[in-house]
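Listed here are the chains, written in short residue letters.
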Amino acid sequence: MRLFRKSRRANGLRRPAEQGFSFSRRSAQQGFRSLKRSAQQGFIFRSRSAENGFTSLKRSAQQGFAFARRSAQQGFTLVELMVVIVIIGLLATIVAINVIPATDTARVEKAKADIAVIEQALEQYRLDNLGYPDQTQGLAALLSAPAGLAQPERYRRGGYIKKLPDDPWGRAYRYQMPGEKGAFDILSLGADGQPGGAEDNADIRSSAL
C-alpha cells in the first residue's frame, strides 16, 4: 500500500516535470523557428537590398560611362575640325606662294608665244606683199587684204592668221612701225595696261625677246 502510494506520488511528480520539459522544448523549438525565419527574412532583405544597390550602382556607372564617351567623341570631333582648318590654311598659303607667281609667269610666257606667232605671220605677209603693213593698216592686214596694196593678187587667200589673239590680260596686242630696234614692234603693256612698269606690269616687246 505504501509502495503504491509512493509510486503514485512519483508519477504525480514526473508528469508535471515531463509536461514542463515538453513545454520548454516546444517553446525552444518555436523560438528557434522564429529566430530562423527572422534570420532568413533578414538575409533575404539584405540580399535584395544589396542587389538593388548593385543594380543602381551599375546603372550609374553605365550612365556616367556613356556621358563620358559622348563627351570624348564630341571633343575628338572638334579636334579633327581644327586639324582640317589648319591643313586648309597651310594649303592656301602654299597656293598663294607658289601657284599665283607661277600663273603670272605663265601669262608672260603666253604673251611671248603669241608675239612669236604674229611675227611669223608678218614675215609671210612681207614675203608675199613685198613689205610689212604700215601703222594705219596695222595687224588687221593679217586677216584680210588691206586697201591700197600695189599687187592685191599676191595677197594670200584666207589671210596669214586665223585669228588675232588677245594678250593674257584680255587686251589686243599693239603694232608699232617702225619698232625700237627693227622694222616693227609687237607689244603687250603687261598686267596694268600702261606703258612702262616693272615685273608683271612691264611691257613685253618683240624687239626685246
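Not measured: the values here are computed from a predicted model.

1. Thoughts on the pairing of strand β2 (residues 185-188)
- Of the two faces of β2, the one holding Asp185 and Leu187 and the one holding Ile186 and Ser188 are both buried throughout.
- As judged from the three bridges shared by strand β1 (residues 174-176) and β2, these two strands associate in the antiparallel manner. Paired with Tyr175 across the strands is Ile186, a residue of β2.
- Inspection of the sheet shows β2 paired to strand β3 (residues 204-205) by two bridges, in the antiparallel sense. When the sheet's bridge partners are listed, Leu187 is paired in β3 with Arg205.

2. What to know about the packing of aromatic side chains
- Applying the stated criterion across every chain yields a total of five aromatic pairs.
- Each ring, one from Tyr125 and one from Tyr155, has its centre 6.2 Å from the other, and the planes form 75°; the classification is edge-to-face. Of the two residues, Tyr125 is situated in helix α1 (residues 2-129) and Tyr155 in the loop between α1 and β1; the sequence distance between them amounts to 30 residues. Considered together, Tyr125 and Tyr155 belong to a single accessibility category, that of buried residues.
- Each ring, one from Tyr155 and one from Tyr160, has its centre 5.1 Å from the other, and the planes form 90°; the classification is edge-to-face. Neither Tyr155 nor Tyr160 differs from the other in exposure class; each is buried.
- Three or more aromatic residues link up through ring pairs in this structure, and these residues are Tyr125, Tyr155 and Tyr160.

3. Focus on the nonpolar core
- By size, the foremost hydrophobic cluster in this structure holds 19 residues, and its most contacted members are Ile118, Leu122, Tyr125, Leu139, Leu142, Tyr173 and Ile186.
- The element that contributes the greatest number of residues to this core is α1, accounting for six residues.

4. Some details on unusual backbone geometry
- Cis peptide bonds are those with omega within 30 degrees of zero, and the linkage from Met177 to Pro178 qualifies with 0°.
- Within the secondary structure, Pro178 is located in the loop between β1 and β2.
- Phi is positive for Glu199, which is not a glycine, with a value near 55°.
- Residue placement: Glu199 occurs in the loop between β2 and β3.
- Take Glu199: its relative accessible area is 75%, and that puts it in the exposed class.

5. As for a nonpolar patch on the surface
- On the surface, Val79, Val83, Ile87, Leu91 and Ile94 cluster together into a nonpolar patch covering about 440 Å² of accessible area.
- Tracing the sequence through the fold places Leu91 in helix α1.

6. Looking at the environment of Glu180
- With respect to the helices, strands and loops of the structure, Glu180 is situated in the loop between β1 and β2.
- A relative accessible area of 56% places Glu180 in the exposed class.
- Every residue in contact with Glu180, bar those within four places of it in the chain, is listed here: Asp185, Arg205 and Ser207.
- At 3.4 Å, the side chain of Glu180 and the side chain of Arg205 are in polar contact.

7. Observations concerning the sheet that holds β3
- Spatially, the three strands line up as an open sheet ordered β1-β2-β3, and their pairing is antiparallel. Across the chains shown, the open sheet's two edge strands, defined by having one partner strand only, are β1 and β3.

Thresholds, definitions, all that
Residues numbered from 1 in each chain as written. Predicted model: local features only at pLDDT ≥ 70, side-chain atom pairs only at ≥ 80, totals over all residues. Heavy atoms only, no water. Buried < 20%, exposed > 50% of the residue type's maximum accessible area, 1.4 Å probe, protein only. Helix = DSSP H or I, 4+ residues; strand = E, 2+ residues; numbered from the N terminus. Pairing = 2+ DSSP bridges. Phe/Tyr/Trp six-rings, centres within 6.5 Å; stacked < 30°, edge-to-face > 60°. Core = buried A, V, L, I, M, F, W, Y, C linked by side-chain atoms within 4.5 Å. Patch = residues over 30% accessible without salt bridge, like charges linked within 9 Å, V, L, I, M, F, W, Y side chains within 5 Å. Areas by Shrake-Rupley, 256 points an atom, 1.4 Å probe, with all protein chains shown as cover. Salt bridge = Lys/Arg side-chain N within 4 Å of Asp/Glu carboxyl O. Contact = heavy atoms within 4.5 Å. Polar contact = N/O pair within 3.5 Å; in protein donor to acceptor, adjacent residues only side chain to side chain.

These figures capture arrangement, not role.
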